[in-house]
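# Structural overview for review
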Amino acid sequence: KSFASKERRLSIRKNIKRQMGLQDTSKDLVGNMEVDAFRRLFPLPFFERHLLESIRPDARPLGTARDTTVALGVVASADGSALAKVGYTTMLAAIKMEVMTPSLGSPDEGGIAVDFHMPPVCSPLIKPGRPAEAAAVLCKQLTDVIISSGMVNLKELSLIPGKAAWMAYLDVYCLDADGALFDAALLSAVSAFSHLHIPAVSVNDDGRVVAVSGELVEDNLVKVTLNKSKRKLTLSCIPFSLTCLLYKKYILADPTAEEESIMETSVTVVLDLSGRLVSFYKPGGPVLAHTSALQDCVALTRQRVKELQNILNEAIADMDLD
Amino acid sequence: MAGKSSSVAPTTYSPSPTLKKQQRNNQQQPIFKDVDWVRPDGRAFQHCRPAFLRTGAVNSASGSAYAEFGNTKVIVSVFGPRESKKAMMFSDIGRLNCNVSYTTFASSIRGQGSEHKEFSSMLHKALEGAVMLESFPKTTVDVFALVLESGGSDLPVVISCASLALADAGIMMFDLVTSVSVSCLGTNLVIDPITEEESYQDGSIMITSMPSRNEVTQLTLSGDWSTPKIHEAMQLCLDACLKLGEIMRSCLREATSAPHE
């Protein structure tokens with residue numbers, strides 16, 4: 001957060017206090033509580049005051065996303081895993097590989113099964129036993145983007161054409177829901193794939209695929225070693241996304257949950273590393289967007305893709321160093 | 001999903017052998033009966049795994065904690081006190097609602113977490129003795145735990161982490177609640193077992209206690225035990241609970257003394 005933007009945020013709060021008649025600066029604690037009450041009671045005017053100065057309550061400029069971090073290999077029991085944090089929004093993605101019989105139509109291809117979960121841990125609005133509506137929508141969005149981006153070449157997931165192939169079960173769990181869930185979920189999924197190590201396996205006499213462990217078991221059962229050591233996938237056209245809120249003439253990049261609850265119109269743009277459009281999602285909303293607004297969203301996403309690419313590459317480099 | 005023909009998910013299997021198969025194949029069951037058997041992670045029999053505890057892991061919750069004991073990773077959120085469900089009867093003391101769930105990738109075989117449905121009610125029983133329910137009448141405090149990775153001794157870690165999260169949320173309690181389990185492997189007693197040790201165990205005991213008050217809120221005993229072994233195991237657990245309680249307290253102290261944003 002830059003010094004200048006924090007100053008502006010504090011001056012906006014002072015202005016609100018002055019207008020509410022709280023002149024006495026010695027009662028600063030009470031004054032702050034009154035501003036927080038104003039924020040709860042009249043959220044839209046509170047945000048509009050900030051938007052007029054091209055800033056948001058957390059001192060971010062309108063087009064800036066929150067601090068993002070990615071950590072790879074956080075779950076040892078999974079074949080690939082990643083934890084992505086965008087501001088407070090936290091997503092944990094992990095991939096487990098299992099063996100399946102490939103379908104008749106594509107005997108030399110494996111499969112990817114994507115599932116998105118919002119456990120009650122992540123938000124006060126979710127009760128156990130009843131899956132959130134948002135979870136189903138996000139699951140479909142995530143599946144569509146990952147499959148259609150062509151990031152993973154399904155032929156690399158094949159083991160024995162026609163007989164056995166890998167099924168990659170990707171599970172994304174939301175650990176803290178603070179807005180822009182899709183962006184963090186996609187980032188964690190993509191990071192998990194870049195961390196994925198395919199286990200070394202061989203085939204038994206009875207056609208069953210087994211893992212190659214340190215101590216070799218019965219030699220007479222091992223027929224063919226399919227891959228000697230763990231290998232990684234080659235990923236192409238990695239997709240990254242940015243969600244923006246549209247409100248009057250403003251475009252807010254990477255909204256928090258509070259912002260999303262007040263200004264409902266959102267646009268999610270997914271681009272790959274070469275700048276091609278993978279997905280564009282504007283699910284209704286009270287604000288109708290002009291082409292210029294949509295182009296601005298795409299431009300913001302282009303910038304964001306570069307940032308995310310750097311963050312992911314740094315995380316991979318850190319992993320390799322270990 | 002790939003595969004145009006199937007709308008039903010294809011059946012898949014995991015290539016790694018299950019632990020029971022490993023036992024049969026390797027016939028290594030008697031190894032721990034060996035006098036100089038060393039634990040797989042090199043610990044002494046009386047040593048617990050190093051604990052990493054952090055509060056404030058989830059911003060959306062009133063209180064939360066993250067605990068990492070070796071490969072067992074748990075995150076707990078506490079919401080409340082908040083309005084009880086409309087269908088609930090009036091109650092002049094508060095209610096505690098607990099839920100423990102596993103991620104699909106928590107155990108080595110995918111989807112094995114649904115075998116632990118009883119953990120939610122066991123967590124409730126462990127905590128209800130320690131929480132001052134009279135301090136939040138008519139309302140409910142929700143405690144939700146998610147096991148991210150299961151490396152053995154899951155329920156004790158969940159209970160300790162939940163008590164830390166309750167403290168972070170400011171829910172009034174008589175004392176912090178800590179929990180440790182001990183496994184009996186032949187003639188050896190090992191504390192804080194990992195998944196592999198739990199699979200070979202002859203018996204197990206788990207104690208949840210309030211260390212400063214020297215009171216036990218929950219004791220679970222299962223398997224083959226002789227009376228002197230039970231006494232020895234109980235003493236081991238209670239000592240470990242005391243030490244764990246101090247670690248949790250220092251974690252809370254650090255969290256409050258850290259500069260506030």
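Criteria and thresholds
- Residues numbered from 1 in each chain as written.
- Chains lettered and ligands numbered in written order.
- Predicted model: local features only at pLDDT ≥ 70, side-chain atom pairs only at ≥ 80, totals over all residues.
- Heavy atoms only, no water.
- Pairing = 2+ DSSP bridges.
- Helix = DSSP H or I, 4+ residues; strand = E, 2+ residues; numbered from the N terminus.
- Axes fitted to C-alpha atoms, helices over the stretch in contact; angles between N-to-C directions.
- Core = buried A, V, L, I, M, F, W, Y, C linked by side-chain atoms within 4.5 Å.
- Buried < 20%, exposed > 50% of the residue type's maximum accessible area, 1.4 Å probe, protein only.
- Contact = heavy atoms within 4.5 Å.
- Phe/Tyr/Trp six-rings, centres within 6.5 Å; stacked < 30°, edge-to-face > 60°.
- Lys NZ or Arg CZ within 6 Å of the ring centre and 35° of its normal.
- Arc of directions from axis to C-beta.
- UniProt positions renumbered as here; feature names shortened; annotations may be inferred.

## Re the sheet that holds strand S6 (residues 139-149) of chain B
All names here are of chain B. Strand order across the open sheet formed by five strands is S2-S3-S4-S6-S5, with mixed pairing between neighbours. The open sheet is flanked by strand S2 (51-55) and strand S5 (95-102), the only strands paired with a single partner. Direction aside, the axes of adjacent strands within the sheet are offset by 15° on average.

## Here's the deal with the nonpolar core
Residue and element names in this part refer to chain A. Ranked by size, the top nonpolar core spans 69 residues in total, and within it Phe116, Met118, Leu170 and Phe193 carry the most contacts. In terms of residue count, the dominant contributor to this core is helix H5 (residues 181-195) (10 residues). When sequence neighbours within four positions are dropped, the list of residues in contact with phenylalanine 116 reads Met91, Ala135, Leu138, Cys139, Leu142, Val172, Cys174 and Ala185.

## What about the packing of aromatic side chains?
Here the distance between the centres and the angle between the planes together describe a pair of aromatic rings. Under the criterion given, the structure shown has six aromatic pairs over all chains. Here B:Phe79 and B:Phe144 contribute two aromatic rings whose centre-to-centre distance is 5.9 Å and whose plane-to-plane angle is 50°, an arrangement assigned as tilted. Linking B:Phe79 in strand S4 (residues 72-83) with B:Phe144 in strand S6, this pair joins segments that are 65 residues apart in sequence. In this structure, B:Phe79 and B:Phe144 share a single accessibility class: buried. A cation sits over an aromatic face here: B:Arg110 above A:Tyr169, 3.9 Å from the ring centre.

## Digging into the pairing of strand S1 (residues 68-72) of chain A
Regular strands place their side chains on alternate faces of the sheet. Residues and elements named next belong to chain A. What you see with S1 is a clean split: Thr68, Val70 and Leu72 sit on the buried side and Thr69 and Ala71 on the side with no burial. Relative to strand S2 (residues 80-86), S1 runs antiparallel, the two sharing five bridges. Of the residues in S2, the one forming a bridge with threonine 68 is valine 86.

## Section: unusual backbone geometry
A cis geometry characterises the amide bond from B:Gly80 onward to B:Pro81, with omega recorded as 0°. Note that B:Pro81 resides in strand S4. Despite not being glycine, A:Ala180 shows a phi value in the positive range, around 55°. Considering the arrangement of structural elements, one finds A:Ala180 in the loop between strand S6 (164-176) and H5. On the basis of relative accessibility, which here comes to 1%, the residue A:Ala180 falls in the buried class.

## Description of helix H2 (residues 119-128) of chain B
Residue and element names in this part refer to chain B. Phe119, Ser120, Met122, Leu123, Ala126 and Leu127 are the residues of H2 that are buried. Projected down its long axis, H2 shows its buried positions confined to an angular sector of 165°, all on one face. Those residues of H2 hidden inside the fold are in contact with S5, S6, helix H3 (154-169), strand S9 (203-210) and strand S10 (215-223).

## Concerning the UniProt feature "domain: Exoribonuclease phosphorolytic" (unreviewed entry) in chain B
According to UniProt, the positions carrying the feature "domain: Exoribonuclease phosphorolytic" (unreviewed entry) are residues 48-171 and 175-236 of chain B. In residues 48-171 of chain B, helix accounts for 21% and strand for 35%; the two terminal C-alpha atoms are 28 Å from one another.

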